[in-house]
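Inside the fold
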Amino acid sequence: MKRPKQRKTIRELIQEYFQQHPNTDLPHGPVVDWVTEQWRLQGNETPPRDPWRMIRRLHQEGWLIKVRKGVYRYDPESARRVELDDFTPEQKQAILERDQYRCVICGKGLADGVELHVDHIRPRHLGGRSEIENGQTLCAQCNFRKKVYRQTETGKRMFIRLLQLAEKEGDQKMVEFCREVLRLYDTHGINDHIRWE
């Protein structure tokens, strides 16, 4: 009896497409179309969720190179270096021991029933290296929050740029909207290191 073929994940399909087209600048539209078609051919009834987000994530992880907005390239050598440049099991152990098996943000540890992660302080896609000095112990919740806060930083910078543009154009309604959003950041103490006034 023939075993059913294993279905590929969205990530695996995207990686397959880029691996079939190495060192080629590829707009994400055709990649998404191909992945969607392959997903359907696997027998999935619902369409795949946001393949373009996975393309962006693969870029953030260093597996893809962003050429310009919406265009990415797979360089096998670069991707191999990224895969090799993760914390080794020995480095992870050293970081956990140094941080006494506790999250450096909230202080919770294994005894509190939390899952611990070894995290890059400076992310790899921003040039952070897999060295003990660039590692920290985070619980799953604080690690998630760290990623969310990075998104709020992007949002704040976007509203600052939008405010500057609205001021230049004399669009008072948009100026007030942006100022109100940015004041909310200040009220809640989110991303205080990014100044806007």
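Here the structure is a predicted model, which means the values were calculated and not measured.

Description of the state of the cysteines
Here, the word disulfide means a covalent bond between the sulfur atoms of two cysteines. Inspection of every chain in the model, using the stated rule, returns zero disulfides. Left unpaired, cysteine 106 is separated from the closest cysteine sulfur, that of cysteine 103, by 3.8 Å. The exposure class assigned to cysteine 106 is partly exposed, which follows from its relative accessible area of 36%. For cysteine 139, which is in no disulfide, the shortest distance to another cysteine sulfur is to cysteine 142 and amounts to 3.6 Å.

Concerning the side chain of asparagine 44
Along the chain, the position of asparagine 44 falls in the loop between helix H2 (28-41) and helix H3 (51-60). A distance of 3.0 Å separates polar atoms of two side chains, one belonging to asparagine 44 and the other to arginine 7. At 2.9 Å, the side chain of asparagine 44 forms a polar contact with the backbone oxygen of tryptophan 39. For asparagine 44, the residues in contact, after removing those within four places along its chain, are Arg7 and Trp39.

Focus: the nonpolar core
Counting 18 residues, the largest nonpolar core has Ile14, Phe18, Val31, Ile55, Trp63 and Leu64 as the members making the most contacts within it. Broken down by element, the residue count for this core peaks at five residues, all from helix H1 (residues 10-20). If sequence neighbours within four positions are ignored, isoleucine 55 has contacts with Ile14, Phe18, His28, Val31, Val32, Leu64 and Tyr72.

Focus on the pattern of salt bridges
For the coordinates displayed, the defined rule picks out 10 salt bridges. Of the charged contacts, one joins lysine 8 and glutamate 16 as a salt bridge, the two residues approaching to 2.4 Å between their closest N and O atoms. Two residues, arginine 157 and glutamate 153, come together in a salt bridge whose shortest N-O distance is 3.8 Å. Of this pair, arginine 157 and glutamate 153 both sit in helix H6 (residues 140-169), separated by four residues, roughly a single helical turn. Using a relative accessible area of 22% as the deciding quantity, one classes glutamate 153 as partly exposed. The structure contains a network of salt bridges with shared partners spanning Glu167, Arg179 and Glu197.

Re H3
What H3 keeps buried is the set Pro51, Met54, Ile55 and Leu58. Seen from one end, H3 has its buried residues packed into an arc of 105°, which puts them on one side.

Considerations on the packing of H2 against H3
The interhelical angle for the contact between H2 and H3, taken along N-to-C directions, is 120°, at an axis separation of 9 Å. Of the possible angle classes, the one that applies to H2 and H3 is oblique. Here H2 and H3 pass one another in a crossing that is right-handed. Within the contact between the two elements, H2 uses His28, Val31, Val32, Val35 and Thr36 and H3 uses Pro51, Trp52 and Ile55. Of the residues assigned to the contact of H2 with H3, the class counts are six nonpolar, two polar and no charged.

Looking at the sheet that holds strand S3 (residues 71-73)
Pairing is antiparallel in the open sheet, where three strands are placed in the order S1-S3-S2. Looking along the sheet, the strands with just one partner apiece sit at the ends: strand S1 (26-27) and strand S2 (65-68). As defined by bridge partners, S1 adjoins S3 across two bridges and the pair is classed as antiparallel. Paired with leucine 26 across the two strands is tyrosine 72, which belongs to S3.

Reading guide: rules and limits
Residues numbered from 1 in each chain as written. Predicted model: local features only at pLDDT ≥ 70, side-chain atom pairs only at ≥ 80, totals over all residues. Heavy atoms only, no water. Disulfide = S-S within 2.5 Å. Buried < 20%, exposed > 50% of the residue type's maximum accessible area, 1.4 Å probe, protein only. Helix = DSSP H or I, 4+ residues; strand = E, 2+ residues; numbered from the N terminus. Polar contact = N/O pair within 3.5 Å; in protein donor to acceptor, adjacent residues only side chain to side chain. Contact = heavy atoms within 4.5 Å. Core = buried A, V, L, I, M, F, W, Y, C linked by side-chain atoms within 4.5 Å. Salt bridge = Lys/Arg side-chain N within 4 Å of Asp/Glu carboxyl O. Arc of directions from axis to C-beta. Axes fitted to C-alpha atoms, helices over the stretch in contact; angles between N-to-C directions. Parallel < 35°, antiparallel > 145°, perpendicular 65-115°, else oblique. Left-handed = near helix turned anticlockwise from the far one by under 90°. Nonpolar A, V, L, I, M, F, W, Y, C, P; charged D, E, K, R; others polar. Pairing = 2+ DSSP bridges.

Purely geometric stuff here, so don't read any function into it on its own.
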